[in-house]
Amino acid sequence: MSHHKLEAIDLKYGYPDGHEAIRGISFEAVHGEAVGIIGANGAGKSTLLMLMMGLLHPNAGKVRIGGVELTAKTLPDIRKRVGMVFQNPDDQLFMPTVGEDVAFGPRNAGLAELEVNQRVTMALERVGILHLRDRAPFKLSGGEKHAAAIASILAMEPDILVLDEPTAGLDPRARRRVMRLLAGFTHTRLITSHDLDMILDLCPRVVILKEGKVAADGLTRQLLAEPDLMADCGMEVPALLQPCARCGHVPFCGHCPSGASVPSGASVPSCASVPSG
Amino acid sequence: MPRQVERHFHSSPLTNAIRDMHRMESLSLLDTGIHRLHPVTKLITTIAFLIAALSFERHAVGRLLPLFLYPLVIAALADLPWKPFLKRLLAVEPLIVGIGILNPLFDPVPISIGDITLARGWLTFLSIVLKTSLAVLAALQLIACTGMERMLSGMHLLGMPRVLVMQISLTYRYITVLAEETGRLLTAYTLRSSGKRGVRAAAWGSLAGMLLLRSFDRAQRVHQAMRLRGYSGYAPLPPGTRPGLRDAVFLACWLSWFVLIRLADLPLLLGRWMTGFFG
Ligand SMILES: Nc1ncnc2c1ncn2[C@@H]1O[C@H](COP(=O)(O)OP(=O)(O)O)[C@@H](O)[C@H]1O
Ligand SMILES: [Mg+2]
């Protein structure tokens, strides 16, 4: 279905203070695809998402969602189809209770109260926090806040999800929960993160940004394993993709050929110690 | 967090006041006959109530008493707890007393009620306290039975300009943001001020500037999040929310009651009737 397609065409954007944050970015994500957007701090990931959502207006280039160009006129309709989860859930939760907050979007869309209620229940159930419905958002734990923020977007039933660093600041268990949740979605997903293990897990494809430009676009397993590319873009090859210290195999093959010798003092794990990912 | 800082963060008067306000609004999630009334109905009734209360002469005291029927009945029908309302009322009472306390000096004309003679200013003072308490109670109850967004939609329907509705709505949401940022900044300051209490005079300027910038930034992101979820200035009422028969009955009953107690001195009549009855 083409209305789940997301396109950025030669986007350029400079902040009012003159900083050129995005200097010509093009890529596309097709129906149901999960695309990771990675890059060092300040590479322009958040700015790119804001351009995609129409929160900022590009100085040049355009954004197309489901084949429709993003303009002031198409914006309200497009925003019903694309949901964005902010990096900091505190920016997103502003109503007195979790239930009210999740109801905010559907209410603005003019749905009848009965359907608003159904949507709220459905969304909270989907992220597993139905029991928190009447709690105040500011009293929740970090993981619960993230779940509530995601629920508030799901309640709008978008086709496309845009998530800015969804696992930042979460403890390992909350992080795994968010990852499991995201893996279960069938939406077209655009996920920015520093958490390369998560990207490796969730997104078959990545777009690597460097100083406001696309440095690479391709298969996650391949790109993330290239030490030169990663270093050039201010990142490191994740442990899972580093070559085996014993046999040099990438990624870990699960066994080493007999006779491979371990370099002395190697701190890198080897195929013998970690199962292949 | 060290205990002292934690206490500082969680119970500054500002954060408390805001939490109180949210608690008041969370009562609007109850589902009673009063809550289901159209916001415009409740707005008009409240406004009529305020006009009735404030239109009594300066030293009316006894004649104000029948007005208390309104908050009492609303509290009972809407299942509102008494405690939070009394708490908030007591919180503003010193302010009201401060405004009214000079009246006995300005208006020393002696009057007598039964065997007691006192300056007429005392009655004016008492009247001010009663009127403001009535007004505060009615306003709090309106929020608790209607909720901020619905109330603002009601005001819009009654002709309040959209820009103003938007301003109030955003201010209401941003106050929380401001309080949180203040809390964080003060926490950060306290942690590095080697245990000294309060904020050094020299640090006030940069602290306030920082607060402004950060709140502005944060407010912008909150506003973006709201816009992404279809926010267009105020939350419209769900379609099909129209005043019904219940609204008409509610409005008619209360308006006639207000007119009645405004025209006739009910406490006096009741007193006469009782003395006639017993005497
Ligand atoms: N409001 C702003 N005004 C000016 N410059 C900004 C603003 N927000 C971000 N930038 C700059 O734009 C660049 C990209 O920022 P951002 O998109 O937030 O990066 P990322 O999310 O990849 O860490 C950074 O150099 C940052 O300093
Ligand atoms: Mg960012």
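Residues numbered from 1 in each chain as written. Chains lettered and ligands numbered in written order. Predicted model: local features only at pLDDT ≥ 70, side-chain atom pairs only at ≥ 80, totals over all residues. Heavy atoms only, no water.

1. Observations concerning the packing of helix α6 (residues 83-100) of chain B against helix α8 (residues 120-146) of chain B
Residue and element names in this part refer to chain B. Viewed as axis vectors pointing N to C, α6 and α8 meet at an angle of 145°, and their least axial separation amounts to 10 Å. Handedness of the α6/α8 crossing: right-handed. In contact with F85, R88, L89, V92, E93, I96, V97 and G100 of α6, α8 contributes F125, I128, V129, T132, S133, V136, L137, L140, Q141 and A144. Its residues assigned to classes, the contact of α6 with α8 shows 12 nonpolar, 4 polar and 2 charged. (Axes fitted to C-alpha atoms, helices over the stretch in contact; angles between N-to-C directions. Helix = DSSP H or I, 4+ residues; strand = E, 2+ residues; numbered from the N terminus. Left-handed = near helix turned anticlockwise from the far one by under 90°. Contact = heavy atoms within 4.5 Å. Nonpolar A, V, L, I, M, F, W, Y, C, P; charged D, E, K, R; others polar.)

2. Concerning a positive patch on the surface
The grouping of R173(A), R176(A), R177(A) and R180(A) at the surface amounts to a positive patch. With respect to the element layout, R176(A) can be found in helix α6 (residues 172-183). (Patch = residues over 30% accessible without salt bridge, like charges linked within 9 Å, V, L, I, M, F, W, Y side chains within 5 Å. Areas by Shrake-Rupley, 256 points an atom, 1.4 Å probe, with all protein chains shown as cover. Salt bridge = Lys/Arg side-chain N within 4 Å of Asp/Glu carboxyl O. Lys, Arg positive; Asp, Glu negative; His and termini not counted. Charge placed at Lys NZ, Arg CZ, Asp CG, Glu CD.)

3. Topic: the site of ligand 1
Residue and element names in this part refer to chain A. Around ligand 1, the surrounding shell consists of Y15, D17, H19, A21, A40, N41, G42, A43, G44, K45, S46 and T47. The contact in question runs from an oxygen atom of ligand 1 to an N or O atom on the backbone of A43, over 3.3 Å. Between ligand 1 and K45, the relevant distance is 2.8 Å, taken from an oxygen atom to a main-chain nitrogen or oxygen of the residue. For ligand 1, whose free accessible area comes to 560 Å², the fraction covered by protein is 65%. The greatest single-element share of the shell around ligand 1, amounting to 3 residues, is contributed by helix α1 (residues 45-52). (Near = heavy atom within 4 Å. Polar contact = N/O pair within 3.5 Å; in protein donor to acceptor, adjacent residues only side chain to side chain.)

4. Digging into the interface of chain A and chain B
Between chain A and chain B, the contact holds 28 residues from the first and 23 residues from the second. Between chain A and chain B the total buried area reaches about 2400 Å² when both faces are included, carbon and sulfur atoms providing 61% of it. Inspection of the chain A/chain B interface yields 2 salt bridges. For R221(B), the salt bridge identified is with D91(A), shortest N-O distance 2.7 Å. If you look at where chain A meets chain B, you find 4 residue pairs in polar contact (both at pLDDT 80 or more). At the level of elements, α3 (98-108) and α5 (142-154) of chain A are the ones that each hand at least two residues to the side of chain A that touches chain B. It is α3(A) that contributes the most residues to the side of chain A that touches chain B, 7 residues altogether. In terms of residue class, the side of chain A that touches chain B is built from 14 nonpolar, 7 polar and 7 charged. (Buried area = accessible area lost by both parts, 1.4 Å probe.)

5. Notes on the sheet that holds strand β2 (residues 20-29) of chain A
Residues and elements named next belong to chain A. The antiparallel open sheet is built from 4 strands, whose spatial order is β2-β1-β4-β5. The open sheet has two free edges, formed respectively by β2 and β5 (68-69), since each of these has just one partner strand. Where strand β4 (residues 60-65) lies against β5, 2 bridges are found, and the strand directions are antiparallel. By the bridge assignment, R64 is partnered in β5 with E69. Sheet strands touched by α1: β1 (6-14), β2 and β4. Its angle to β1, the strand with the most contacts, is close to 115°. (Pairing = 2+ DSSP bridges.)

6. Focus on the environment of A147(A)
Residue and element names in this part refer to chain A. Tracing the sequence through the fold places A147 in helix α5. Since its relative accessible area comes to 4%, A147 is described here as buried. Counting along the chain gives 18 residues from A147 to I129, while the straight-line C-alpha distance between them is 7.3 Å. Once you skip the residues sitting within four places of it in the chain, A147 turns out to touch V127, I129 and R177. (Buried < 20%, exposed > 50% of the residue type's maximum accessible area, 1.4 Å probe, protein only.)

7. Description of α6(A)
Residues and elements named next belong to chain A. Here α6 contains 12 residues, and its C-alpha end-to-end distance of 16 Å stays within 8% of the 16 Å for a straight helix at 1.5 Å per residue. Those residues of α6 not exposed but buried are A174, V178, M179, L181 and L182. Projected onto a plane normal to the axis of α6, the buried residues spread over an arc of 160° and lie on a single side. Structural note: α6 exposes P172, R173 and R180 on the side pointing more than 90 degrees away from its buried face. (Expected span 1.5 Å × (residues − 1). Arc of directions from axis to C-beta.)

8. Things to note about helix α12 (residues 245-263) of chain B
All names here are of chain B. Here α12 contains 19 residues, and its C-alpha end-to-end distance of 27 Å stays within 8% of the 27 Å for a straight helix at 1.5 Å per residue. Restricting attention to buried positions, one finds in α12 the residues D247, F250, W254, F258 and I261. Buried residues of α12 fall within an arc of 90° about the axis and therefore sit on the same side. Those residues of α12 that are exposed and aimed more than 90 degrees away from the buried face are L245 and L263.

9. A short note on the confidence of the model for chain A
Of the residues in chain A, 87% have a pLDDT of 70 or more, and the chain-wide mean is 87. In the predicted structure, residues 273-277 of chain A sits below a pLDDT of 50 and forms 7 contacts with residues beyond four places in sequence or in another chain. (pLDDT = per-residue confidence, 0-100.)

10. Overview of the environment of K45(A)
All names here are of chain A. Looking at the secondary structure, you find K45 in helix α1. In the structure, K45 is positioned 163 residues away from I208 in sequence and 9.4 Å away in space, judged by C-alpha atoms. In this view, K45 contacts I37, I38, G39, A40, E165, T192, H194 and L209; residues no more than four positions away in its chain are not counted.

11. Observations regarding unusual backbone geometry
Even without a glycine there, the phi angle at E165(A) is positive, about 45°. As for its placement among the helices and strands, E165(A) is situated in the loop between β7 (160-164) and α6. The backbone of D79(B) shows a phi angle near 65°, a positive value even though the residue is not glycine. With respect to the helices, strands and loops of the structure, D79(B) is situated in the loop between α5 (69-77) and α6.

12. Here we look at the side chain of T97(A)
Take T97(A): it is sitting in the loop between β6 (82-85) and α3. The buried category is assigned to T97(A), whose relative accessible area is 3%. Aside from chain neighbours lying at most four places away, what touches T97(A) is R133(A), D134(A), R135(A), A136(A), P137(A) and L29(B).

13. A word on the pairing of β2(A)
Residues in a regular strand project their side chains so that they alternate between the two faces of the sheet. Residues and elements named next belong to chain A. Alignment of β1 against β2, held across 7 bridges, turns out to be antiparallel. Bridged to A8 within β2 is F27. Joining the antiparallel neighbours β1 and β2 is a turn of 5 residues, in which G18 adopts a positive phi near 100°.

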